[in-house]
Amino acid sequence: MKSQHEFIIISTLVLTGLLFSACTLGSSDESSNTLVLYSGRSESLVEPIITQFTEASGIEVQVRYGSTAELAATLLEEGENSPADLFFAQDPGGLGAVADAGLLAQLPFDLMYLVDERFRSPQNLWVGISGRARVVVYNSERLSPDDLPEDLHGFTDPAWKGRIGLPPTNGSFQTMITGMRQVWGEEATREWLLGILANEPVFYEKNTPTVAAVASGEVDVGFVNHYYLYRFIAEEGEGFAARNYFLPSGGPGSLVMVSGIGRIATGQNEAAALEFIEFLLSETAQQYFASETFEYPLIPDIQIFTGLTPLTELNALDIALGDLSDLQGSVELLQEVGALP
Amino acid sequence: MSEILRQQPSQLRRLRVIPSQARYPTLRSIFGLWIPTIFVAGLVLLPIFYLILRAYGADQSTWEQIFRIQTLETVGRTIWLAFAVTLASTAIAVPVAWLTVRSDLPFRRLWAVLTPLPLVIPSYVGAYLMVSTIGPRGLFQNWLESSLGIERFPDIYGFPGAMLILTLMSYPFILLSVRAALQKIDPALEDAARSLGLNAWSTFWRVTFPQIRPAIAAGGLLVALYVLRDFGAVSIMRYNTFTRVIYIQYQSSFNRSTAAVLALVLVSIAILILAFEIWTRGKARYYRSDASASKPAAVIQLGRWRWPALIFCSLLVGAALVMPAGMLIFWLLRGLEAGEQIGSLWLAAKNSILGSSLASGVTLVAALPVAALAIRRPNPVSRLLDRLTYIAFALPGIVIALALVFFGANFAPFLYQTLPLLVFAYAILFLPEAVGAVRTSMLQVPPNFEEAGRSLGQKPLQVFQKITMPLIRPGLAAGAGLVFLTTMKELPATLILAPYGFKTLATSVWSAVSEAFFARAAAPALILILVSSLPLAALILRDQKSEHRS
């Protein structure tokens, strides 16, 4: 019985020793020429552009990738002790949560004005980098655009029973609901949701599986962001049986949202951080987003991906994204009608 | 020494307990067992402290959200899923363990290596693959449609899909634990039972089964708690468990207080399950009767059962491993054909192996005092400490990660975002896997072996090396193996706590699959399976060799 004791004492010492000796090994030496970026946008999309930035500026960028929500929660937990300089988020919701906690610094106006007023924070705390439009993706083997209604109200028709797919947990979907609440009002939004739910839609986890399900014919239409479709086509070829439908009558169903970036107020490298934001809004980076991620560039005179309806021709809502930060209210509404647990 | 041990009268059923030490803790046991155990338990409870701290900030709307009828429904659904998955996993794992350890199943070693492997497939990938293959209008269904004209598969979403995928991904918890127990079971008991006229079937139920019961319970507990914390499978299968509701709080409303309160509800479900497990556990003792146990157990001839057994193993490996791997290969080839570029994965593979090896080493060392204390000083306090190490296992990875972000960034900045803190997170996440495996195997070591060694003048460490170690080796190996495999696929803690640029295979898969880069996801996923199978193969083959040698 006593046999284990010495072994255990030794192993405890080893364990503690290991933990502490390895700390010195792991601790990062932060030179002023190194930026720390928390990226809610995925590595496959962002890494090439970061490499270009480093080559052009000589500034190293250390990146932590994760989902926007997880990184926002991480920033909130870190508080003033955050090592981050920048937060690049998939949607304004994540930036809003961090901004509300007072963690973002004001951005200079010469950066902000590059982008249309709709696509930046009203308090100058973050700026949009790339745009995505809400669309209806449809199965192109079963349907043609003529079969589709003018606007989202059309999908409450019983003819669409069992044929709709949507991702209720997705931030963009919820932002669309927030847009509806702003434009249509709380009551009309609830009615629309109940009408859609009466058609027994299929819920998906996010945009990607929704698009996949539309193409495979599991459902006929899906409410998603526009750019996922083009990824699928790039991977699976033109035979991929789904296409985007930009609702002609616009409204919340054609809402344009952005990914955005903000500077963490406690970050030590202000100059480098601003240089990075400037680079993301440069022609090089904007053209990269337009051609590689199929998103909408937010500065003028950039060639958009073939087949996209230009941003100016989209019958989008004239609504500032800063006004769409109340996701909580939309989540509660979705819970109330039973679309979320 | 073994001479002396052999002279002990062997008893068939239970060994007399020798009260060899005073009931009061000695100075040695305080420093050797109690302090390390309390230290480990305290560290594991850090996330709980964090949750209580966060829950403190909850406001009215949070409580309104908790006290809803939906919450009760979610609790019910979660427990029901945990129960069903545990039951199904046991039904799969126990026969497979027995077949691969004790029978003359054809290609036994191959099955022994292949059957635990589904554990390394991240559950969101497994679920995604399953939807792509056997989902409504999946690959398999398309094939059926073109050849047989079947139009639509029955829906796998919801409970059936979640149960299927979680069972296939988590039965290895029970499998590895039961395998370890079977390897060190005392064959004398079975021999005696057979010589008294029991047939193989009754021998299994009346002699073998009671002895592997603690191993089933240890593994089953992991399965049940794992179901509580899984997010990937339930979200893709759209089955609303508690963890999914917690994730929605983080994802949609960035509401950490509500998430914390919900996580504490999850903790209480975990406590309920732990209490249930203690209640089902008898007071039986399980150690072997004498040292003759090093004699290998006889291989049981399957006879005409060979083929059904073979088909069973093939179907299992087919569904849990070959089907997902096949789909991954399909993705990879399709992507390569379309001109996708697959970057080098060498660094990610190296990081995965480094992180997982460190995690299994550290976790094993932390598990030893906890398990030893629970076995050698069985009293309510030591048992409680042992159970405490399980609670964090039921929590979603994101909760553990955020707890360590909070403590790390604010109180230990020198550790924050370093490899040691990440390994520490892994240890918190996976400690019960090691504790369970080590505890189960220590149950089989009679304390008087060690005392005999001591009385013969051996130093405690020597006794541990020469007597305890060899006897609990299968348990240590099972514990290390489990921690290694589950660390390989760990995602949320790795993403948030790893040093910058510390890509692993799991993060590479995630990063690609979340943007629909399927070919780029397939390559690291396949390497993940391949790399994990190597140490597992080494472990299992070495065990079987040492069995045959002795």
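Here the structure is a predicted model, which is why all the values come from computation and not from measurement. (Residues numbered from 1 in each chain as written. Chains lettered and ligands numbered in written order. Predicted model: local features only at pLDDT ≥ 70, side-chain atom pairs only at ≥ 80, totals over all residues. Heavy atoms only, no water.)

1. Observations regarding the overall build of chain B
Rules: Secondary structure elements follow DSSP: runs of H or I of four or more residues count as helices, runs of E of two or more count as strands, with numbering from the N terminus. Between buried and exposed lies partly exposed: a residue is buried under 20% and exposed over 50% of the maximum accessible area for its type, with that area taken using a 1.4 Å probe on protein chains only. For this analysis, residues touch if any pair of their heavy atoms sits within 4.5 Å.
When helices and strands are tallied, chain B shows 24 helices and zero strands. A burial count over chain B gives 64% of its 550 residues as buried. When contacts within chain B are restricted to residue pairs at least 6 apart in sequence, those whose partners lie at least 24 apart make up 83%.

2. Points about the pairing of strand β10 (residues 256-264) of chain A
Residue and element names in this part refer to chain A. The test is simple: In this scheme, strands are said to pair when DSSP sees at least two bridges between them.
Counting buried positions over the nine residues of β10 gives nine, a clear majority of the element. Where strand β3 (residues 86-89) lies against β10, four bridges are found, and the strand directions are antiparallel. Bridging from a neighbouring strand, Phe87 pairs with Gly262 of β10. Sheet topology places strand β4 (residues 104-105) next to β10; two bridges connect them, and they run antiparallel. Paired with Ala105 across the bridge in β10 is Arg263.

3. Observations concerning the packing of aromatic side chains
In plain terms, the rule: Ring pairs shown here join Phe, Tyr and Trp side chains whose ring centres sit within 6.5 Å, with only the six-membered ring taken for Trp; geometry is labelled stacked below 30 degrees between planes, edge-to-face above 60, and tilted in between.
Enumeration over the complete set of coordinates arrives at 33 aromatic pairs over all chains. A ring pair is formed by Tyr288 of chain A and Phe289 of chain A, whose centres lie 5.6 Å apart and whose planes are at 70°; its orientation type is edge-to-face. Phe289 of chain A matches Tyr288 of chain A in its accessibility class, with the two residues each being buried. Aromatic side chains Tyr50 of chain B and Phe406 of chain B sit 5.9 Å apart centroid to centroid with 45° between the ring planes, which places their arrangement in the tilted category. Taken together, the residues Tyr50 of chain B in helix α3 (residues 46-55) and Phe406 of chain B in helix α18 (residues 397-411) connect sequence positions 356 residues apart. The two residues Tyr50 of chain B and Phe406 of chain B agree in class, both being buried.

4. Digging into the confidence of the model for chain A
Our working rule: What pLDDT reports is the predictor's confidence in each residue, on a scale of 0 through 100.
Residues with a pLDDT of 70 or more make up 90% of chain A, whose mean pLDDT is 86. In this model, residues 20-31 of chain A is a region of pLDDT below 50 whose contacts with residues beyond four sequence positions or in other chains number eight contacts.

5. As for the nonpolar core
Operational definition: Take the buried residues of types Ala, Val, Leu, Ile, Met, Phe, Trp, Tyr and Cys, join any two whose side-chain atoms come within 4.5 Å, and each joined set is a nonpolar core.
Grouped together as the largest cluster of nonpolar side chains are 281 residues, with contacts concentrated most on Phe87, Ile261 and Phe276 of chain A together with Leu225 and Leu497 of chain B. In this structure Leu225 of chain B touches Ala270, Ile273, Leu274, Tyr390, Phe393 and Ala394 of chain B, once residues within four positions along its chain are discounted. Formed by 27 residues, the second largest nonpolar core is a distinct cluster that contains Val136, Leu152, Ile164 and Phe223 of chain A.

6. Focus: the packing of helix α5 (residues 69-102) of chain B against helix α15 (residues 306-337) of chain B
All names here are of chain B. The condition that has to hold: Geometry is summarised by axes, namely lines fitted to C-alpha atoms with helices restricted to the contacting stretch, and by angles between N-to-C directions that run from 0 to 180 degrees. Here the word oblique covers every angle except those under 35 degrees (roughly parallel), over 145 (roughly antiparallel) and from 65 to 115 (roughly perpendicular). Note: crossing handedness is left-handed where the near helix turns anticlockwise from the far helix by less than a right angle, and right-handed where it turns clockwise. Polar here means any residue other than Ala, Val, Leu, Ile, Met, Phe, Trp, Tyr, Cys and Pro, which are nonpolar, and Asp, Glu, Lys and Arg, which are charged; Gly is therefore polar.
Between α5 and α15, the shortest axis-to-axis distance is 11 Å and the interhelical angle comes to 120°. Classified by the angle between their axes, α5 and α15 sit oblique to one another. By crossing handedness, the relation of α5 to α15 is classed as left-handed. In this structure, α5 contributes Ile92, Pro95, Val96 and Leu99 to the contact, and α15 contributes Ala309, Phe312, Cys313 and Leu316. Its residues assigned to classes, the contact of α5 with α15 shows eight nonpolar, no polar and no charged.

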